[in-house]
Amino acid sequence: MADIAKLVEELSKLTVMEAAELSKALEEEWGVSAAAAVAVAGPAAAGGGEAAEEQTEFDVILTGDGGKKIQVIKEVRAITALGLTDAKALVEGAPKPIKEGVNKAEAEEIKAKIEAAGGTVELK
């Protein structure tokens, strides 16, 4: 097997024209296209970049009532417009989503309101 470090060193010394000639010679020798390799590698590299981008939609998950069930139920009702029975069931059944697919600002606002009422919230 060739010494990879030596190959990298030698390839780094090539001019742009020499690199283009090398690319063409390899395409002919191996019967492949460098454009196809870039097309395959391009989306894979872009996919990794998207994972690093900031999340735009969040699920607000109620994880607990913090011992202040009544205040948290009131806040859940105000946020979701659920009836008393449904809001109570949601709070007692935590962890449960309060709202799903909301933007960051709304998710942070909901989190602040629930935490002010005494509950605990997780954003996913």
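Below, the structure is looked at part by part. (Residues numbered from 1 in each chain as written. Predicted model: local features only at pLDDT ≥ 70, side-chain atom pairs only at ≥ 80, totals over all residues. Heavy atoms only, no water.)

Looking at the overall build of the chain
A tally of regular secondary structure across the chain gives 6 helices and 3 strands. Per-residue burial over the chain gives 16% buried out of 124 residues. Of the contacts formed within the chain by residues at least 6 apart in sequence, a portion of 66% connects residues at least 24 apart. Taken as a whole, the chain presents about 8,700 Å² of accessible surface, with 57% of it coming from carbon and sulfur. (Helix = DSSP H or I, 4+ residues; strand = E, 2+ residues; numbered from the N terminus. Buried < 20%, exposed > 50% of the residue type's maximum accessible area, 1.4 Å probe, protein only. Contact = heavy atoms within 4.5 Å. Areas by Shrake-Rupley, 256 points an atom, 1.4 Å probe, with all protein chains shown as cover.)

Thoughts on the environment of K74
By secondary structure assignment, the location of K74 is in helix α4 (residues 69-80). Look at K74 and you get exposed, because its relative accessible area is 59%. Expressed as a C-alpha distance, the spacing of K74 and A87, which sit 13 residues apart in the sequence, is 8.0 Å.

Brief notes about the pairing of strand β1 (residues 58-64)
Within β1, 5 of the 7 residues are buried, leaving the element largely enclosed by the surrounding structure. Across 4 bridges, β1 lies against strand β2 (residues 96-102) in antiparallel orientation. Within the sheet, the bridge partner assigned to F58 lies in β2 and is V102. The sheet contact formed by β1 and strand β3 (residues 120-123) spans 4 bridges and is antiparallel. In the sheet register, G64 faces β3, and the bridge partner there is T120. (Pairing = 2+ DSSP bridges.)

Regarding the nonpolar core
V60, L62, V72, V76, V91, I98 and I114 are the most contacted members of the largest nonpolar core, which has 17 residues in total. For this core, the secondary structure elements donating two or more residues are β1, α4, α5 (84-92), β2 and α6 (104-117). Excluding its chain neighbours within four sequence positions, the residues that come into contact with V91 are L62, D65, K69, V72, I73 and V76. (Core = buried A, V, L, I, M, F, W, Y, C linked by side-chain atoms within 4.5 Å.)

Let's talk about the sheet that holds β3
With antiparallel pairing, 3 strands are arranged side by side in an open sheet as β2-β1-β3. One side of each edge strand has no neighbouring strand; the edge strands of this open sheet are β2 and β3. Sheet twist, expressed as the average angle between the axes of neighbouring strands with direction ignored, equals 20°. (Axes fitted to C-alpha atoms, helices over the stretch in contact; angles between N-to-C directions.)

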